[in-house]
Amino acid sequence: MAIASLCIAFVSCSQYRYETVPNDPLGTKIHTLDNGLKIYMSVNKEAPRIQTYIAVKVGGKNDPSETTGLAHYFEHLMFKGSESFGTQNYAEEKPLLDQIEALFEVYRTKTDEAERAAIYHVIDSLSYEASKLSIPNEYDKLMAAIGAEGTNAYTSFDVTCYIEDIPANQLENWAKIQADRFKHNVIRGFHTELETVYEEKNMSLTRDSRKLNEAMFSALFTHHPYGTQTVLGTQEHLKNPSITNIKNYYKKWYVPNNMAICMSGDFEFDEAMDIIEKYFGDMEPNPELQMMSFEPEEEITEPIVREVWGLESERVALAWRFPGAASDEALMLSVIDAIMSNGKAGLIDLNLMQEQKMLSAYSFPYDQTDYTAYFVQGAPKEGQSLEEVKALLLSQIDALRKGEWDESLLTAGIANYKLQVQRMLEDNGSRADLFVTSFVNG
């Protein structure tokens, strides 16, 4: 959901200039620090806790083409600590980490397996020595010590986001820890964490749904990284990582003018801003930061067909490409999806599922910053061909185009959407999701 418009609100007795959204039921206040860091805040006194998100407007699409998977890998490394925590003695640890970085740069250029093995043996030995100086999982312990819950993070094509649910009286401790790791990140435990990331990649290769989505994206986006690379990266790139590239990525993108802090919970606006200004206000922005440019996709004039082979039962997936999530077309997809598939009375629900014409069928919009997509999928029942499933799915698209549906579907869709928003309002954590979405798409 993009923020369509903002108005400047000058709050009396406040040193901060807040922006607000007209008719916002959340009462969200937005402030931008001098270094460009945006703060989205919504007060909810129902429980003495605060849901926090720190969103960085960078993801898999920004990975260097020679080291894909980098954004996701760095997300993992953000939990390894900083110069002041996660280590027993950073002054002694740093020379070892520097040697490991230099050796990985040599390692990734070699193709002879014996030579690679010899270099990796040295890396392994140095990593063992460095591990004697590190404190594993200290970030998690620090968060647990202040009563945090739901410690997590995720990486998409467009954003990397770090999540914590903290007690209301621990906001300053949270800010102190978060500012430290965002300002002074240290890449440690590199090759052991790489094994974790590589295993995640291997697991993805056995999931038909992920392989199907990657095939669909490669067909829809022939120029854009949405289709030319994946968030998890390639196996080849994960085998040949670059700490240097990761450090350059961190310095370029993890800057305040490319970040937002999103908070919802039990706090006072100005008091929270005082804390955030104290710990994040001295972060250095990147004045040379430029958003990724890309060659526009060419018009799709005829169907593009891909076949994906896997272990699961067969299915058909259809997809259409639309402009980015801030466009009117993307907003319209939410309305279209309410008509097509709402779980009970959409065209797919009534005409396909209730009539038992196929085993399963559903649709969903796939929102992204630069382009969105609309997916319709279905699985055949016994004795039914994939071509028959495709024809049935397209018949409902045709019915949508021709207006062969009751307008009550539109009314019901709007009512369902309002109900969904109301449930989000009742859930302290979900409101931060709205803020993150606004930041990423706005």
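Residues numbered from 1 in each chain as written. Predicted model: local features only at pLDDT ≥ 70, side-chain atom pairs only at ≥ 80, totals over all residues. Heavy atoms only, no water.

Undergrad: How do you make sense of the overall build of the protein chain when you look at a structure like this?
TA: When helices and strands are counted, the protein chain shows 16 helices and 11 strands. Its C-alpha atoms give the protein chain principal-axis dimensions of roughly 70 × 70 × 35 Å. Expressed as a percentage of the 442 residues in the protein chain, the buried residues total 48%. If you sum the accessible surface of the protein chain, you get close to 21900 Å²; carbon and sulfur atoms cover 52% of it. Taking the average place of the 39 positive charges on the side chains of the protein chain and the average place of its 67 negative ones, the gap between the two points comes to 1 Å. (Helix = DSSP H or I, 4+ residues; strand = E, 2+ residues; numbered from the N terminus. Buried < 20%, exposed > 50% of the residue type's maximum accessible area, 1.4 Å probe, protein only. Areas by Shrake-Rupley, 256 points an atom, 1.4 Å probe, with all protein chains shown as cover. Lys, Arg positive; Asp, Glu negative; His and termini not counted. Charge placed at Lys NZ, Arg CZ, Asp CG, Glu CD.)

Undergrad: What is the right way to read the environment of T109 from this model?
TA: Within the element layout of this structure, T109 appears in the loop between α2 (90-107) and α3 (113-131). The class of T109 is exposed, set by a relative accessible area of 53%. Spatially, the C-alpha atoms of T109 and N240 are 8.0 Å apart, while their sequence positions differ by 131 residues. Within polar-contact distance, the side chain of T109 engages the backbone oxygen of V106 at 2.7 Å. (Polar contact = N/O pair within 3.5 Å; in protein donor to acceptor, adjacent residues only side chain to side chain.)

Undergrad: So what exactly am I meant to see when it comes to the environment of R315 here?
TA: Locating R315 in the fold gives a position in the loop between α11 (269-280) and β9 (316-323). Sequence separation between R315 and A361 is 46 residues, and the spatial gap between their C-alpha atoms is 9.5 Å. Here E312 takes part through its side chain, which lies 2.9 Å from a polar atom of the side chain of R315.

Undergrad: Quick question: what am I supposed to make of the packing of helix α12 (residues 328-340) against helix α14 (residues 386-402) here?
TA: Two quantities define a packed helix pair, namely the angle between the helix axes and the distance between the axes. Contact pair α12 / α14: the axes reach a minimum separation of 11 Å and the direction vectors enclose 115°. Every pair of crossing elements has a handedness; the one defined by α12 and α14 is right-handed. In this structure, α12 uses I336, I339 and M340 to contact α14, whose residues at the interface are Q396, I397 and L400. In terms of residue class, the contact of α12 with α14 is built from five nonpolar, one polar and no charged. (Axes fitted to C-alpha atoms, helices over the stretch in contact; angles between N-to-C directions. Left-handed = near helix turned anticlockwise from the far one by under 90°. Contact = heavy atoms within 4.5 Å. Nonpolar A, V, L, I, M, F, W, Y, C, P; charged D, E, K, R; others polar.)

Undergrad: I would appreciate a short explanation of the nonpolar core in the present structure.
TA: A general trend in soluble globular proteins is that nonpolar side chains are found buried together. Core analysis: the largest hydrophobic core is formed by 68 residues, its most contacted members being F182, Y254, I261 and F280. Here the element with the most residues in this core is α11; it accounts for seven residues. Ignoring anything within four residues of it in the chain, the contact list for Y254 reads V56, V58, F74, M78, T160, Y162, F182, Y249, M259 and M283. Membership of the second largest hydrophobic core comes to 18 residues, among which are L333, M358, L393 and I397. (Core = buried A, V, L, I, M, F, W, Y, C linked by side-chain atoms within 4.5 Å.)

Undergrad: What am I meant to see in a nonpolar patch on the surface here?
TA: A cluster of nonpolar residues, M332, V335, L410 and I414, forms a patch on the protein surface that exposes about 310 Å² of accessible area. When contributions to the nonpolar patch are tallied by element, the ones reaching two or more residues are α12 and α15 (408-426). Along the chain, the position of V335 falls in helix α12. (Patch = residues over 30% accessible without salt bridge, like charges linked within 9 Å, V, L, I, M, F, W, Y side chains within 5 Å. Salt bridge = Lys/Arg side-chain N within 4 Å of Asp/Glu carboxyl O.)

Undergrad: Would you mind showing me how to read the sheet that holds strand β11 (residues 371-379) here?
TA: Working definition: the strands of a sheet are paired by backbone hydrogen bonds and lie parallel or antiparallel to each other. The strand order across the open sheet built from three strands is β9-β11-β10, with neighbouring strands paired in antiparallel fashion. Strands at the two margins of the open sheet, each flanked by one partner only, are β9 and β10 (360-366). Taken pair by pair, the neighbouring strands of this sheet meet at an average axis angle of 10°, ignoring direction. Pairing between β9 and β11: eight bridges, direction antiparallel. In the strand pairing of β11, A319 is matched with F375. Contacting β9, β10 and β11, α12 crosses the sheet at an angle of about 20° to β11. (Pairing = 2+ DSSP bridges.)

Undergrad: What is the right way to look at the side chain of H31 in this model?
TA: Counting through the fold element by element, H31 comes out in strand β3 (residues 29-32). On the basis of relative accessibility, which here comes to 10%, the residue H31 falls in the buried class. A polar contact is formed between the side chain of H31 and the backbone oxygen of R17, at a distance of 2.9 Å. When sequence neighbours within four positions are dropped, the list of residues in contact with H31 reads Y16, R17, Y18, L37, K38, I39 and M273.

Undergrad: Quick question: what am I supposed to make of the pattern of salt bridges here?
TA: Opposite charge on two side chains permits them to pair, given that their charged atoms come into close proximity. Scanning the model with the defined rule gives 17 salt bridges in all. Linking D370 and K61 is a salt bridge whose minimum nitrogen-to-oxygen distance equals 2.9 Å. Taken together, the positions of D370 in the loop between β10 and β11 and K61 in the loop between β5 (49-56) and α1 (70-77) put the pair 309 residues apart, joining distant regions of the chain. Judged by its relative accessible area of 17%, D370 is buried.

Undergrad: I keep staring at the environment of P167 and nothing clicks. Help me out?
TA: Locating P167 in the fold gives a position in strand β7 (residues 160-167). Once the C-alpha coordinates of P167 and A91 are considered, the two residues, 76 residues apart in sequence, prove to be 34 Å apart. Apart from residues lying up to four places away in sequence, P167 is in contact with P48, R49, I146, G147 and A148.

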